[in-house]
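# Commentary on secondary and tertiary structure
Chain by chain, the residues:
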Amino acid sequence: MPARALVIGLDAVNTTFIDRWVEAGHLPHIAALRRRANAFRLDAECMETLPGAIWTDIAFGEPAWRHGLFYFPEQFQPDEGMCRKLAESEADMRRSFWGVASAAGRRCAVIDVPFMPLLPDFNGVQLREFAVHDTWAGPASHPPTLINELYANCGEPPLHHFMCDQRVATAGRKAIFEELLLRTEIKTSVLTNLMARERWDLFFAVYGDAHCAAHQLWPARGNG
């Protein structure tokens, strides 16, 4: 890594809408990033496997048929003849780009990348399932005390212990929308808190709120 890197992931965001809203002036921060940075589009057909593998594909820089991690919550095991949840030990996160950076002595922060096990002996901080759409192994952090410190300093986000799919039936879509806005504010507070702590070489953070919005905040098909 010859330069410092900031990576912001927007889980399940539709880029067509991002383009439209940037042009309309609704997303000034993303518009500013586009003005100040080089940009390119990935091939829309680059994902060769299931959607559940996309974050691992990004982390390892190769498709799932090579790294073998298709869907952490329930993956078929041919030698066992069954589907089951993958264990953290079944993913070698040293192969991730932040694992490589950490091993090279770079200071890294990795926050809420979906389905990512924590990497031991990590040169930096890791935060898992603080505020995401899909849950798999539960909220955790490296160092272990970090997550409770962030809860205390920034607030405990709604929807983080259970999926929005489970809550919408009882809370309704309006409540989900308001909780997602609050959760985004808390996540932003967490990220600015962590970013200010030191001069990171790699800072990789993912917002999962758009994934929940894509599931719950569109009109039902046929209802306009």
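A few points on the structure. Model, not experiment: these values are computed from the prediction.

Attention shifts here to the overall build of the protein chain. A count of helical and extended segments in the protein chain gives 9 helices and 7 strands. The C-alpha atoms of the protein chain give a radius of gyration of 18 Å, which matches the 17 Å a tight globule of 224 residues would have. Principal-axis analysis of the C-alpha atoms places the extent of the protein chain at approximately 50 × 50 × 40 Å. Burial analysis of the protein chain (224 residues in total) assigns 40% to the buried set. Once local pairs closer than 6 in sequence are excluded, the contacts in the protein chain between residues at least 24 apart make up 53%. Put simply, the protein chain shows about 12900 Å² of open surface, and 56% of that area lies on carbon and sulfur atoms.

Here we take up the packing of aromatic side chains. Per the stated rule, a full pass over the model turns up 9 aromatic pairs. When the centroid spacing of 5.4 Å and the interplanar angle of 15° are considered together, the rings of Phe17 and Trp21 count as stacked. Of the two residues, Phe17 and Trp21 are both situated in helix H1 (residues 15-23); the distance of 4 residues between them amounts to about one turn of the helix. The class of Trp21 is partly exposed, set by a relative accessible area of 37%. When the ring of Tyr71 is compared with that of Phe115, the centres are 5.9 Å apart and the planes differ by 80°; the resulting orientation is edge-to-face. Here Tyr71, found in the loop between helix H4 (64-67) and strand E2 (75-77), pairs with Phe115, found in the loop between strand E4 (108-111) and strand E5 (124-128); they are 44 residues apart in sequence, far enough to count as distant. The exposure class assigned to Tyr71 is partly exposed, which follows from its relative accessible area of 32%. Here the basic side chain of Arg95 rests over the ring of Phe60, its NZ or CZ set 4.9 Å away from the ring centre. One Lys or Arg, Lys187, reaches over the ring of Tyr207 and ends 5.3 Å from the middle of that ring.

So, about the state of the cysteines. Considering all chains together, one arrives at 0 disulfides under this definition. Here Cys164 is not cross-linked by a disulfide; its sulfur's nearest cysteine counterpart is in Cys212, at 3.4 Å.

Procedures and definitions
Residues numbered from 1 in each chain as written. Predicted model: local features only at pLDDT ≥ 70, side-chain atom pairs only at ≥ 80, totals over all residues. Heavy atoms only, no water. Helix = DSSP H or I, 4+ residues; strand = E, 2+ residues; numbered from the N terminus. Rg over C-alpha atoms; globule rule 2.2 N^0.38 Å. Buried < 20%, exposed > 50% of the residue type's maximum accessible area, 1.4 Å probe, protein only. Contact = heavy atoms within 4.5 Å. Areas by Shrake-Rupley, 256 points an atom, 1.4 Å probe, with all protein chains shown as cover. Phe/Tyr/Trp six-rings, centres within 6.5 Å; stacked < 30°, edge-to-face > 60°. Lys NZ or Arg CZ within 6 Å of the ring centre and 35° of its normal. Disulfide = S-S within 2.5 Å.

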